[in-house]
Structure formats: C-alpha cells, structure tokens
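Okay, here's what each chain looks like letter by letter:
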Amino acid sequence: MEKRQFQTESKKLLDMMINSIYTHKEIFLRELISNASDAIDKRYFKSLTMPECGLNRDEYEILISADEENRILKISDNGCGMTAEELENNLGTIAKSGSFDFKSENSADNVDIIGQFGVGFYSAFMVAEKVTVVSKVYGAEKAYKWESEGVDGYTLEECEKDSVGTEITLHIKPDSEEEDYCEFLEQYSIQRLVKKYSDYIHYPIKMDFEVNKPVEGKEGETEKVIERRTLNSITPLWKKPAAEVTEEEYNNFYTSSFMDYEPPIKVMHYKQEGTVEYTALLYVPSHAPFDYYSKNYEKGLRLYSSGVMVMDRCDEMLPDYFSFVKGLIDSSDISLNISRETLQQDHQLRTIAKAVEKKIKSELQKLMETDREKYEKFYKAFGSQLKFGVYSDYGTHKELLQDLIMFTSSNEMKYTTLKEYVSRMPEAQKSIYYACGDTAEKALKLPQAAAVIAKGYEVLLLTEDVDEFTLKTMMTYEDKKFVNVSTDELDLATEEETKKLEKENKSGKKLLDFIKESVGGLNSVKFSNAIGDHPAALSSEGGMSIEMARVLSKMPDADGGLKASLVLEINSTHPITEKIKELFETDKEKCAKYCKLLYAQARLLSGLEIENAEEFSGLISELMV
Ligand code: ADP
Ligand code: MG
C-alpha cells in the first residue's frame, strides 16, 4: 500500500515524540482521552441542531481496554469520528488542528473544547511503536483506517466499523533496560493515570475489569466475571456550586490530593468571571509541612484546562509569600499544551495569578477579622513567610502584606496587628516602638523597653530573625516610624530632660572617655535616663541595631564586618554612678574594673554573651572576697 508522508513540521514533532526522554510519558493517555472527549463534545454540539446524528446524553462514553499479552491498548469513543480527509489532515499535519478550526467556525461560547494546538495526538508515539486509528463519521457508509509506525509515514485505507466514533489502537513498545512500558497495559495503573489526569472529564471513562465474584447459591465458590467500571469522577468537586459541597468533601479532597493528614484551616472555592475566567479551589493548611522552611519545599498550584490536568505544580501561580497555599485552578483559558517554557510568557496565566494573589490576601484578611483564633493558628505556622514577604524584593509587597502580619505586644502579651497597635496609641506617642529578644519575655525585660512601657506606651516584642528586617523595610506604618527601643532613635526625653542630660554628659566627659577606654569595643558611653532602674544598658547608634548585627553575623556568608556601633548607657540616677565617679577620683584601677563589670551586665541584659567570661568571673570573685 502507498505510504503517505507526514508534513514536515509533523515529522519533526513526531520524531521528538518517538525519541522523547520526557519523564512524563504517561501523559499520552491524558491527551488521547482529551481528544476523545473533544470529539464527543463536537458530536453532542452538532446534535443540538441535527438531533439524528447524536446519542442520548448518557450514552456517550470513552472506553479503554488493555491486552497485556499482546501489548495492545485501545481507547475508543463514540464522538464525531473523522472522515478519510480529516484523518489525513488532522493526524498527518500539525498545522491544521481540527479542534482549532472547529472553535473558530463556531464562535458560540458554549463550545468547550480543549486544546488549541495539534501536538497531543503524537504523544502516543512516546509509548507505542505502531498506532492505528479507525474512525467513522455519522452518515458515512465506510470507515477509514489510519496507521503509522512513525516518521516513515502513514497509510490510509477503507475498513469496516459498526458505530460512529474513533478507536485508537496502540501497539505498546517492548520493555527495555532503560524503560518499562508495561505499566501502560496494567489495569490498575491505567486506572491510576485516569484518576490522576482525567478524573473530571465530563464523560464516563470505562474499562473492563476481571473480578472474582461469589457464585450465587454456592457458598464459598467464586467465578471470574467481567465488570465494566467507570474510572473517573466526571463532575469535578470544584465545578459544583460551593453551596452544594460539604466541608467533609472539601477536606477529603484536600487530604487525598495534597499529601496532608490534617484538614485545612481554610478553604477558598470560587469562580471568577470577567476578562479571564477560572475556577479556583484553594486551601490553607493548618500546619506547616515538615519541609516548608527548607529549600526542598516546592510551591505551586495544580492547573486544569477544562477539567483536564495540565500541570501538577505550577509555581508561577503563587508568590513566595503565599507559598503555603495548596490547590488548583481550572480555566478554559489555559492551554492544554502549556509547558514550563511557555508559562512565563503566558499572559492569561499571569492575569489569573494576580487575581489569585488578591483573593488569598482578602480571604486571609477576612479570616483575621472573623475568626481570630484560627488566624493566629495560621499565623503561627506561616507568619514568618508573610514577614519575609514584606522584607523581600526591597519591600515591593509591603502594602499587600502589612495588615496580615502580627507581633506579640507588651499589651497583654498578645498578638497584635499594626493597625490595632496604632489605634491604641496615646496622642502624645509619635512612633511605634519595638524591642528584640530570644523570647517575648526577654524582649519585654530589656531596660529600654521597660522605660517605654513605664511611659504608658506599648512595645512590640520581636523574637524572630526576620522581624526587625521586616519593620526596617516598611520604615513606617500609617506615617508612624518604627523605633527600636535600644537604639539612639529612641527619643522619649522632654526638652528639659535632654538639656539636663547634655549638661551631665559634658561635665562628665573625662569619666565617660575613661570608661570607653577601659572597656574597649564601644562606640560611645553616655549618661541616660531611659533605662528604668537598671544601672547600665547597651544600645546602638547608626542604622545597624544589635539584633540586626546578631542575625547578619549568623548568615553563612557573613564576613564579620557587620557590627553594631555599641553605646553603653549609664543610669545617671543610679547609686552606682556616684560610686564610679568617686572611684574615678580615688582609685582609677578599681574604677576600670567596675566599668568592665557594668558593661558585662549590660551585655547580659541585652541578650548578648559576655565576651570574656574568664575576666568577668575573676572580677566578680575579687569583689566577693
Ligand atoms: P488537538 O487536540 O490539540 O487539536 P491533537 O494532536 O490532540 O491536537 O489532535 C489533532 C486532531 O485530530 C484533533 O484536533 C481532532 O480534530 C482530531 N482527533 C484526534 N483524536 C480524535 C478523536 N478521538 N475523534 C475525532 N477526532 C480526533
Ligand atoms: Mg488533543
């Protein structure tokens, strides 16, 4: 028989498919099932105006049969079928995609046909050494058989077929050292693949199973019978109206689809209409996955194109700060043949991603306002990620995220949002104060924090590495500056107090210089009235706080050059100050030792280690004996 040649582009594509090293060879089944489903759509659509060519709605089906012994997999449908010419055009030529033509001819919006490019069918050659397509259209006498073993070309001839539709026969490749194809012949793995990729195709996908059934009337005896089972769920959960889905259904779908054993803390299910249309089913987990804060965690949403899964995890759909969200997007605007390469340029996808981001934000906001307890649970699991989101990309997303973040506050030691904090600020308070420590309790006990609280102001207690960087990135909230209480930015003194201190610092300059000299490593030493009852405390000057320097020095690429400019603040009203002044006149050596001890105390209060523990211990013992 005459061998016909594939069109050049098709040949290239075919060659690619045959020699594919694509790891997801299994998607061929999804492609063929989608084509079958498209074909049924077409027949169904035509029958709306030409009833005689259609079937009853419930008669449409896709049938799969596998013959392991002969390595044959068949996929048949009772869709529109193809004429000889269509077989030639649709399967011999990629440029001419049948469903693409159909779509532009019938611009009616109700034709829901997947796939705009004709690469799908050839994926069969990833797993088959020979593909046979037998097809018949309504009203034709004859059926036609198209057959190909690859790039050499294909044959087309007349044949017999009883019913309208298409039957595709794959002669599955032999198993080799590198590759096993037999799984595509095993009933249970076929069932798994259908579930995975085509669960929500809206026609039944059926397969015959051989099962052992008890023989009626004969106790204990079984017989082999063939049972035709439907493999797919048909109506996707997310395509049902939200009001008809129970919480249990949502949760079951979540735990079975997204590898979590606990139900989610929040479900978002909605349909977006407008310039881009999509349905989203999104979940916020109730706890962070074990690898969430590691490099191994992979974010992303599953993509469906009209019920057909096209990508398991599309990371472009989620910004990093919402990477904890799990779920799926289904849209007829997503192409069935979308690939990782074309993803970035895909305008539709970007628009959807933007809309999804907005939705997640507003839903989290709503959760915060309506169910604080749940929100706090969520925040404990994923709050760091939100704070990191504010900080990353030079603060580009701060507007979006600033009302979702919370910090523990000195006010009842509870989580507070920035909005709440500001709403409680007394009129005289100009800035938002915060203190850093390993724990909220430790931060609360910083000498400077105590002084701010004593003034009747609230202090945010920052405990995580990212916290201060987050606030530094924001710089202000509602025009209120963030002020770290242990830096020179803290300015609570009245004009009068400031003047008095300035005078004291001036007259005590010799002593202060002496202290700076004896202690070493300090940027300056000054008298202060903002450290409560403590004799001394540490603070910093310039942009780098003690906490930031501590965090940065922990970074893997820290070069040790990142240091805070330390200031030793001495409480001018504390009795120890009198003592030091006295010693400065009478016994400089002892005075120097006392200063070192004061500095050590201040370090401890700031949550820093004592630099020279041996010296410290020696000085203390000296005092005690
Ligand atoms: P696409 O589905 O994107 O159009 P494919 O390569 O998957 O591209 O299929 C090419 C064309 O072959 C389809 O557009 C369709 O016209 C035709 N076709 C494939 N499978 C079938 C089928 N089972 N029934 C009828 N037509 C089919
Ligand atoms: Mg297709």
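Described below are features of the structure shown in this document. Keep in mind the model is a prediction, meaning the values are calculated, not measured.

## Concerning the overall build of the protein chain
Alright, step 1. Looking only at helices and strands, the protein chain has 20 helices and 22 strands in total.
Alright, step 2. Expected size for 625 residues packed as a compact globule is a radius of gyration near 25 Å; at 36 Å, the protein chain overshoots this value by more than 25%.
Alright, step 3. A principal-axis box enclosing the C-alpha atoms of the protein chain has dimensions of 120 × 65 × 50 Å.
Alright, step 4. Relative to its full complement of 625 residues, the protein chain shows a buried share of 50%.
Alright, step 5. In the protein chain, of all internal contacts separated by at least 6 residues, the share reaching a separation of at least 24 is 68%.
Alright, step 6. A total of about 31,900 Å² of accessible surface is found on the protein chain, and carbon and sulfur atoms cover 49% of it.
Alright, step 7. On the protein chain, the mean spot of the 79 positive side-chain charges and the mean spot of the 112 negative ones are 5 Å from each other.

## A short note on the nonpolar core
Alright, step 1. With 138 residues, the main nonpolar core has Trp146, Leu170, Phe322 and Ile329 as its most contacted residues.
Alright, step 2. Of the residues forming this core, the biggest block, eight residues, is contributed by helix α8 (residues 347-370).
Alright, step 3. Beyond its immediate sequence surroundings of up to four residues, Ile329 is in contact with Tyr278, Thr279, Ala280, Leu282, Leu301, Arg302, Leu303, Tyr304, Met317, Ile334, Ile352 and Val356.
Alright, step 4. Leu538, Ile546, Ile580 and Leu583 belong to the second largest nonpolar core, which has 33 residues in total.

## As for the sheet that holds strand β7 (residues 205-214)
Alright, step 1. Ordered in space as β5-β4-β3-β6-β2-β1-β7-β8, the eight strands form an open sheet in which the pairing is mixed. Each edge of the sheet is formed by a strand with only one pairing partner; in this case those strands are β5 (154-159) and β8 (222-230). Here the average twist between neighbouring strands, direction ignored, is 20°.
Alright, step 2. Seen against the sheet, helix α5 (residues 187-198) touches β1 (62-67), β2 (72-77), β7 and β8 and runs at an angle of roughly 140° to β7.

## A look at the environment of Glu210
Alright, step 1. Among the structural elements, Glu210 can be located in strand β7.
Alright, step 2. Glu210 sits 16 residues away from Ile226 along the chain, and the two C-alpha atoms are 4.7 Å apart.
Alright, step 3. With residues up to four places along the chain from it excluded, the contact list for Glu210 reads Gln187, Lys224, Val225 and Ile226.

## Some points on the sheet that holds strand β16 (residues 432-436)
Alright, step 1. Spatially, the six strands line up as an open sheet ordered β15-β14-β17-β16-β19-β18, and their pairing is mixed. Two strands lie at the open edges of the sheet, namely β15 (415-417) and β18 (476-477), each paired on one side alone.
Alright, step 2. Sitting on the sheet, helix α9 (residues 372-391) touches β14 (406-409) and β15, and the angle it makes with β15 is about 70°.

## Considerations on the pairing of β16
Alright, step 1. With five of five residues buried, β16 is to be regarded as a mostly interior element.
Alright, step 2. Covered by surrounding structure in β16 are Ile432, Tyr434 and Cys436 together with Tyr433 and Ala435, the residues of both alternating faces.
Alright, step 3. Looking at chain direction, β16 and strand β19 (residues 480-484) are connected through three bridges and run parallel. Note on β19: the bridge partner recorded for Ile432 is Phe482.
Alright, step 4. Here β16 pairs with strand β17 (residues 459-462) via four bridges, running parallel. By the bridge assignment for β17, Ala435 is matched with Leu461.

Conventions we followed
- Residues numbered from 1 in each chain as written.
- Chains lettered and ligands numbered in written order.
- Predicted model: local features only at pLDDT ≥ 70, side-chain atom pairs only at ≥ 80, totals over all residues.
- Heavy atoms only, no water.
- Helix = DSSP H or I, 4+ residues; strand = E, 2+ residues; numbered from the N terminus.
- Rg over C-alpha atoms; globule rule 2.2 N^0.38 Å.
- Buried < 20%, exposed > 50% of the residue type's maximum accessible area, 1.4 Å probe, protein only.
- Contact = heavy atoms within 4.5 Å.
- Areas by Shrake-Rupley, 256 points an atom, 1.4 Å probe, with all protein chains shown as cover.
- Lys, Arg positive; Asp, Glu negative; His and termini not counted.
- Charge placed at Lys NZ, Arg CZ, Asp CG, Glu CD.
- Core = buried A, V, L, I, M, F, W, Y, C linked by side-chain atoms within 4.5 Å.
- Pairing = 2+ DSSP bridges.
- Axes fitted to C-alpha atoms, helices over the stretch in contact; angles between N-to-C directions.

Bear in mind that shape data such as this cannot, by itself, settle questions of function.
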